[in-house]
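Secondary and tertiary structure notes
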Amino acid sequence: GWLAGRDGHAAFEKRPNVPARFYGVNLCMLANFPESLADARQLVRNLRRIGYNAIRIHHHDKPCSRLGADGRVELIPEAMDQLDRFLAECFKRDIYATTDLYVSRTCTWRELGVDRDGLAPMSEVKLRMMTSEAAYANWQAYARAFLTHRNPHTGRTLAEEPALPFLVVINESSPHSDWDRAS
């Protein structure tokens, strides 16, 4: 069920007096996209056997999205199907998830509002998302598409998913650290 803050700790709605504890692992890039249902189930079984009840899907944004012909961010159906299937298997077995709404997704300079050809480096993308209306709009478009995409295996969007209680807006980002790297 849903997670909520209670008396200084996190607790599940159906067990409000028992502090929730999470023991998780960070899964990067293609580890989030098992190719088959059997692979997804095996990975989830292994995670549970080790004792994990949480995962962080990380660096997932680049493999599951692209810039559409009309300049809008779009999700890649094949990759989203793999991610949806994997997350559904996790959620069925009480593995909670967290993620970032920007990690390493490729953006062109023009998507960031800069009249320049080519791809912007990740540190520049992060910085501009905090300072540029065009870059922020690009982040919003991806976040909206990702969070409102309906998982056919659960029937819920990630925005509706109780097993996704935490989100990070921009991975490992602060105006100072990104400004230093972009300079």
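Residues numbered from 1 in each chain as written. Predicted model: local features only at pLDDT ≥ 70, side-chain atom pairs only at ≥ 80, totals over all residues. Heavy atoms only, no water.

Turning our eyes to something else, we now look at the state of the cysteines. One pass over the full model with this rule turns up zero disulfides. With no disulfide of its own, Cys 64 lies 13 Å from the sulfur of Cys 107, the closest cysteine sulfur. (Disulfide = S-S within 2.5 Å.)

This paragraph deals with the confidence of the model for the protein. For the protein, the mean per-residue pLDDT works out to 88, and 91% of the residues sit at or above 70. The lowest-confidence element of the protein is helix 5 (residues 175-182), averaging 52 in pLDDT; the highest-confidence one is helix 1 (residues 37-50), averaging 97. (pLDDT = per-residue confidence, 0-100. Helix = DSSP H or I, 4+ residues; strand = E, 2+ residues; numbered from the N terminus.)

Before going further, it helps to examine the pattern of salt bridges. Enumeration over the complete set of coordinates arrives at ten salt bridges. In this structure, the salt-bridge partner of Asp 115 is Arg 110, at a minimum N-O distance of 2.4 Å. Given the relative accessible area of 71%, Asp 115 is considered exposed. Through salt bridges with shared partners, a single ionic network connects Arg 41, Glu 89, Lys 92 and Arg 93. (Salt bridge = Lys/Arg side-chain N within 4 Å of Asp/Glu carboxyl O. Buried < 20%, exposed > 50% of the residue type's maximum accessible area, 1.4 Å probe, protein only.)

The next subject is helix 2 (residues 77-92). With 16 residues, helix 2 extends 22 Å from end C-alpha to end C-alpha; this agrees with the ideal 22 Å at 1.5 Å per step. On its buried face, helix 2 is in contact with strand 4 (24-28), helix 1, strand 5 (54-58), strand 7 (73-75), strand 8 (96-100) and helix 4 (133-148). Immediately downstream of helix 2, the backbone of Asp 94 shows phi near 60°, a positive value. (Expected span 1.5 Å × (residues − 1). Contact = heavy atoms within 4.5 Å.)

Volume-wise, the largest pocket comes out at about 340 Å³. Along the walls of the largest pocket sit 18 residues, with Gly 1, Phe 12, Arg 15, Asp 94 and Tyr 96 positioned nearest its centre. A class-by-class count of the residues in the lining of the largest pocket yields nine nonpolar, two polar and seven charged. (1 Å grid on protein atoms, 1.4 Å probe; cavity = no way out; pocket = protein on both sides within 12 Å on 5 of 7 lines; lining within 4 Å. Points joined across faces, edges and corners; volume = space filled by probe spheres on them. Nonpolar A, V, L, I, M, F, W, Y, C, P; charged D, E, K, R; others polar.)

Turning our eyes to something else, we now look at the side chain of Asp 100. Locating Asp 100 in the fold gives a position in strand 8. Reaching out from Asp 100, the side chain makes a polar contact with the side chain of Arg 56 at a distance of 3.0 Å. At a separation of 3.4 Å, a polar atom in the side chain of Asp 100 contacts the side chain of His 58. Here Asp 100 is in contact with Arg 56, Ile 57, His 58, His 60, Val 168 and Asn 171, once residues within four sequence places are set aside. (Polar contact = N/O pair within 3.5 Å; in protein donor to acceptor, adjacent residues only side chain to side chain.)

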